[in-house]
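# Coordinates in review
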Amino acid sequence: MPTITSTRNRERSNQWYQRAQQSLVEGVNSPSRGAAVYSPGPLVLERGHGSHVWDLDGNEYIDFMMSFGALIQGHAHPKIVEVVTQAIAHGSHFAAATPAESEAADRFRRMVPAAEAVRFANSGSEATMLALRLARAHTGRTKFLKFEGHYHGWYDPYCLNGHSHPADKLGPRENPTRFPDSAGIPSAAFDEVVLAPWNDLETLETILRRCGRELAAIITEPIMANMGCILPQEGYLQKVCDLAHRYGALFVLDEVVTGFRYAPGGCQQYYGLQPDLSTFGKALGAGFPVGAVAGPRAILDRMRWGSDGMVLHYGTFNGHRLTMRVIAANLDLLTANAGAIYKQIYAVGDAAIAGVREIFRRRNIDAIVQGFGPMFQLYFTRRDAIHDYRDYCQYADTAKYSRFIHGLLERGIYMTPSNGLHWIVSTAHTMHDVEALLAAADEVCAGLA
Ligand SMILES: Cc1ncc(COP(=O)(O)O)c(C=O)c1O
């Protein structure tokens, strides 16, 4: 990536970034936060309030990343601050039974249609890991199907075709070339993985005819959120669910990004789906680390100690008391006034989407905006739509997107330059934020070659 010179004062950010690199790999704790995407290095953030963040040099930004989607209530929401302050005064975590965990679970169950029961863990990755173990135990099968370009966390078998690759190297749709996302994973871990392109029922059926009876599960994101924002074709998700069942596999919906965001009951509510298992994280914890697996008793009760074919799930921090208190408060905020806050999120998100589309149209820029309401992504492309991973690899000009975002960063809009992620609207965002975004985007577009 070419080095981009900032006109904002970033002196302290840069100093801290240099210092951090002495003890941390790339100066960060996850590559998507560092020099892999930010040039010449990341902003070093110091505080956040509502929809705004400030870096170490005092520069202010409107935050459209919201901690990769975790901050559905924005930064330092007064209710969350109050709950955490009160709870910590009586201890942080007991790793024992607490009222806090059932208060969180009761609310969760009331909101998520497929949740007869829920099990809390500490991250989305832990949740998807557990879901796969449950699916394997429940079906007595070991293979599972994942879609190209879907990300389900960094557990070994999921780390296949999660990054983009040159379009001419992707192989046939019914037998995609397999790209491990990481070294250090035994190839045997991938022997259990069947890969398929998303949004393509015909190819999925061909693949299932080949190996459907060996599958414990088909796992999918309901809206593809790790190649930007790619929507399912109409009826697609229900058909994938039906196909999974036809072959005796479980339909696992990974709602780590979409859960509590598109509707109180996530995408399963929005699209009217009944997944066998669903996984959550991010927005559930309103900024606190959490993961969750929800489903019917018949599957979740496999975790009962000593049950026949018991599924093991341990964790010192599972059901962390502070997180559970935050979840209860967060879910109360989201369901107050019959979920009226979702209308606000949708109105703000849709206004941002419409405004950016209008700028692209007026300035004659080959670019599109995909998504609706709470989450969206822009692609610099001549195509009308990006339908799947292959379209993303072939048609999305990710270098141009990065230049566009670096221009926005200069103008006080905080967003990751990685095209594979997505813009997030929280309950804290306002129409003023949208106006500021559109003014900045218009300026950047004026200079975009
Ligand atoms: C769809 C999806 N599933 C799972 C995960 C993993 O969640 P976590 O980062 O909390 O481990 C992510 C993270 O971005 C995700 O986008």
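Up top you'll find the structure we're talking about.
Bear in mind that the values here come from a model prediction, so they are computed numbers and not experimental data. (Residues numbered from 1 in each chain as written. Predicted model: local features only at pLDDT ≥ 70, side-chain atom pairs only at ≥ 80, totals over all residues. Heavy atoms only, no water.)

## Things to note about the nonpolar core
If you look at the biggest cluster of nonpolar residues, it comprises 40 residues, and the most contacted ones within it are Phe 360, Leu 378, Phe 404, Leu 408 and Trp 423. Elements with a minimum of two residues in this core: strand E3 (60-63), helix H11 (321-362), strand E11 (367-372), strand E12 (375-380), helix H13 (398-410), strand E13 (413-414) and helix H14 (431-446). Take this core: its biggest share by element is seven residues, from H11. With near-sequence residues (within four places) excluded, Trp 423 lies in contact with Phe 64, Pro 374, Met 375, Phe 376, Gln 377, Leu 378, Tyr 401, Ile 405, Leu 408, Ile 413, Met 415 and Leu 437. (Core = buried A, V, L, I, M, F, W, Y, C linked by side-chain atoms within 4.5 Å. Buried < 20%, exposed > 50% of the residue type's maximum accessible area, 1.4 Å probe, protein only. Helix = DSSP H or I, 4+ residues; strand = E, 2+ residues; numbered from the N terminus. Contact = heavy atoms within 4.5 Å.)

## What about the packing of helix H7 (residues 201-211) against helix H8 (residues 236-246)?
Two elements in contact, H7 and H8, have axes whose closest approach is 11 Å; the angle formed by their N-to-C orientations is 10 degrees. Comparing the axis directions of H7 and H8 gives the class roughly parallel. Contacts between H7 and H8 pair Leu 201, Leu 204, Glu 205 and Leu 208 from the former with Tyr 236, Lys 239, Val 240, Leu 243 and Arg 246 from the latter. Grouping the amino acids of the contact of H7 with H8 by side-chain chemistry returns six nonpolar, no polar and three charged. (Axes fitted to C-alpha atoms, helices over the stretch in contact; angles between N-to-C directions. Parallel < 35°, antiparallel > 145°, perpendicular 65-115°, else oblique. Nonpolar A, V, L, I, M, F, W, Y, C, P; charged D, E, K, R; others polar.)

## Structural notes on the layout of surface pockets
Any space left empty among the atoms is revealed by the rolling of a water-sized probe across them. In this structure, the second largest pocket occupies an estimated 560 Å³ of space. Taken together, 23 residues line the second largest pocket, and the ones lying closest to its centre are Glu 101, Val 118, Arg 119, Phe 120 and Met 303. Within the residue set of the lining of the second largest pocket, elements represented by two or more residues are helix H4 (99-111), strand E4 (117-121) and helix H10 (297-300). With five residues, the single largest contributor to the lining of the second largest pocket is H4. Taken together, the residues of the lining of the second largest pocket sort by class into nine nonpolar, six polar and eight charged. (1 Å grid on protein atoms, 1.4 Å probe; cavity = no way out; pocket = protein on both sides within 12 Å on 5 of 7 lines; lining within 4 Å. Points joined across faces, edges and corners; volume = space filled by probe spheres on them.)

## Brief notes about the site of the ligand
Every residue near the ligand is listed here: Ser 123, Gly 124, Ser 125, Tyr 151, His 152, Gly 153, Glu 221, Asn 226, Asp 254, Val 256, Val 257 and Lys 282. Between the ligand and the protein, one listed contact pairs an oxygen atom with a side-chain N or O atom of Ser 125 at 2.6 Å. In this structure, Asp 254 approaches the ligand through a side-chain N or O atom, which is 2.7 Å from a nitrogen atom. About the coverage of the ligand: the protein hides 84% of its 390 Å² of free accessible area. (Near = heavy atom within 4 Å. Polar contact = N/O pair within 3.5 Å; in protein donor to acceptor, adjacent residues only side chain to side chain. Areas by Shrake-Rupley, 256 points an atom, 1.4 Å probe, with all protein chains shown as cover.)

## Focus on H4
Helix length check: H4 (13 residues) gives 19 Å between terminal C-alpha atoms against 18 Å at 1.5 Å per residue, within 8%. Buried residues of H4: Ala 100, Ala 104, Ala 105, Arg 107, Phe 108 and Met 111, and no others. Along the axis of H4, the buried positions cluster into a sector of 165 degrees, meaning they face one direction only. The exposed set on the far side of H4, more than 90 degrees from its buried face, consists of Pro 99 and Arg 110. (Expected span 1.5 Å × (residues − 1). Arc of directions from axis to C-beta.)

## A few points about the sheet that holds strand E9 (residues 277-280)
Spatially, E4-E10-E9-E8-E7-E5-E6 is the arrangement adopted by the seven strands of the open sheet, whose pairing is mixed. At either margin of the open sheet sits one strand with a lone partner, and together these are E4 and strand E6 (193-196). Ignoring which end each strand starts from, the neighbouring axes of this sheet average 20 degrees apart. Where strand E8 (residues 250-254) and E9 come together, three bridges link them in parallel fashion. Counted as the bridge partner of Asp 254 is Thr 279 from E9. (Pairing = 2+ DSSP bridges.)

## Remarks on H13
The terminal C-alpha atoms of H13 lie 19 Å apart, and with 13 residues this matches the ideal 18 Å at 1.5 Å per residue to within 8%. For H13, the full list of buried residues reads Lys 400, Tyr 401, Ser 402, Phe 404, Ile 405, His 406, Gly 407, Leu 408, Leu 409 and Glu 410. Looking at the buried side of H13, the elements it contacts are E3, E12, E13, strand E14 (423-424) and H14. Backbone geometry just after H13 places Gly 412 at a positive phi near 85 degrees.

These figures come from the coordinates and say nothing about function on their own.
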